[in-house]
Amino acid sequence: MIKAGIIGGAGYTGLELLRLLLGHPRVEISVVTSRRHRGRKVSEVNPHLFPFSGELEYEDVDAAEVTDRSDVVFLAVPHGSAMNYVPGLLARGSGRGRGGVKVIDLSADYRLKRAEYERVYGLRHKDRQSEEREAVYGLTELHPEVAAAGVDLVANPGCYPTGAILAVAPLVKEGLVRQVVFDAKSGISGAGAEPSEKSHFPNLAENIVPYQVTAHRHVAEMRQELGAGELGAGGVKVSFTPHILPSIRGILTTAHIFLNARERGRTQAEIEEVYKRFYEDKKFVRLTRGVPSLSSVRGTNFCDIWFEIEEGEKGETERVVVISAIDNLVKGGSGQAVQNMNLIFRLDEAEGLWSPGLVP
Ligand SMILES: NC(=O)c1ccc[n+]([C@@H]2O[C@H](COP(=O)([O-])OP(=O)(O)OC[C@H]3O[C@@H](n4cnc5c(N)ncnc54)[C@H](OP(=O)(O)O)[C@@H]3O)[C@@H](O)[C@H]2O)c1
């Protein structure tokens, strides 16, 4: 069995990791931390995990002890905190002579190049070797190298970037895209378990709240993957506007895609072929027949994708509108983290994740 430790096990992504890993046939949870709930049984704090979490208790232990008890450690803590743990986890893990511990960081701390991270997040990266660690950006559909030997650190992608990048990646890879504008709507669990003015029920109910309209931090990840040429394209202009929805889970992303002038003759059938080819062997991307919905992916690790073409006056492709739907806590967070763990440990990538959704 793989021994998995979770640091930050009482937050939303930590709880989702617990739910998924408790049902994973090849994993045993070795340690789960919470400073607030230390000493309390996990099922007492979270009755939905009873009786599956058995006698498991929240602990407040340091990185050294988590490493000694684990083969893989998930960091489900805020950005700025994960970087305090990673150097210690990797250093101690590699010295213990049984293959080293693997670290999967759900925060933003290792997703961007250091200078870009410091600019976007407005704080100094305390791990001065953050780039030398060569974290793999864990969007497995685009980065199969996560399964390569020697990968110790995975930077699990952000929730918005997951839905956005998957929506447009096939067209970017093909070199068709000049510009993309992402308009995304997220359930409030994306903001974490800490209550805020934005999440206060009377402020959010029967409402949709745009925020950080032109400068959300996640756009940097989207640009790194799509705009700067990770997909072999380069030069794609990327914009992003997020909104909060009065729902708990899910992100629906509408990608408005403008093609390069020479590609405007592309037909619906050709574009569909590009998507089918790109995703044909990807278990967790479903090309749907109609508009995707949040309820179709709730509780699952799927990203559902659908598109329609808007024609110009001369019948040319004016705009491609692609819509994607994910559960931010699963494919946008903890499910994707488990998918990464499966690949690192040479398991089927769907192990522990292959289950139908929850409706309503
Ligand atoms: N929510 C999402 O949809 C989502 C999706 C993808 C990625 N993420 C990322 O995943 C990370 C966790 O997000 P979340 O939504 O689960 O946040 P959250 O609900 O606020 O939970 C974070 C947990 O981390 C613990 N914590 C905070 N500071 C810590 C520290 N310095 N050391 C150890 N533990 C600490 C806290 O528990 P105690 O105080 O009890 O220790 C808290 O419960 C964030 O970086 C977030 O950006 C979130």
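This report concerns the structure included in the present document. (Residues numbered from 1 in each chain as written. Predicted model: local features only at pLDDT ≥ 70, side-chain atom pairs only at ≥ 80, totals over all residues.)

Digging into the site of the ligand
- In the region of the ligand, 29 residues are neighbours, and Gly-8, Gly-11, Ser-107, Gly-192 and Gly-333 sit closest.
- Only α1 (12–22) and α11 (330–344) provide two or more residues apiece to the shell around the ligand.
- Of all the elements, α1 adds the most residues to the shell around the ligand, at three residues.
- Residue classes in the shell around the ligand are distributed as 10 nonpolar, 16 polar and three charged.
- Residue-level mapping places the shell around the ligand at the junction of two domains, with at least three residues from each of domain 1 (2–133) and domain 2 (160–328). (Near = placed C-beta within 6 Å. Helix = DSSP H or I, 4+ residues; strand = E, 2+ residues; numbered from the N terminus. Nonpolar A, V, L, I, M, F, W, Y, C, P; charged D, E, K, R; others polar. Domains from an automatic or database assignment.)

Focus: the nonpolar core
- The biggest cluster of nonpolar side chains holds 97 residues, and the ones touching the most others in it are Phe-74, Leu-75, Ala-164 and Val-168.
- No other element matches the 10 residues that helix α6 (residues 159–173) contributes to this core.
- For this core, the two domains that each supply at least three residues are domain 1 (2–133) and domain 2 (160–328). (Core = buried A, V, L, I, M, F, W, Y, C linked by C-beta atoms within 7 Å. Buried ≥ 20, exposed ≤ 12 C-beta atoms within 10 Å, placed from the backbone.)

A short note on α11
- Look at α11: only 18 Å from first C-alpha to last across 15 residues, short of the 21 Å you get at 1.5 Å a residue.
- Of all the bends in α11, the greatest measures close to 45° and is centred on Gln-336.
- Taken across its 15 residues, α11 has 15 buried, putting it largely inside the fold.
- After α11 finishes, the residue Arg-346 shows a positive phi value of roughly 60°. (Expected span 1.5 Å × (residues − 1). Bend = angle between axes of the 7 residues up to and from the residue.)

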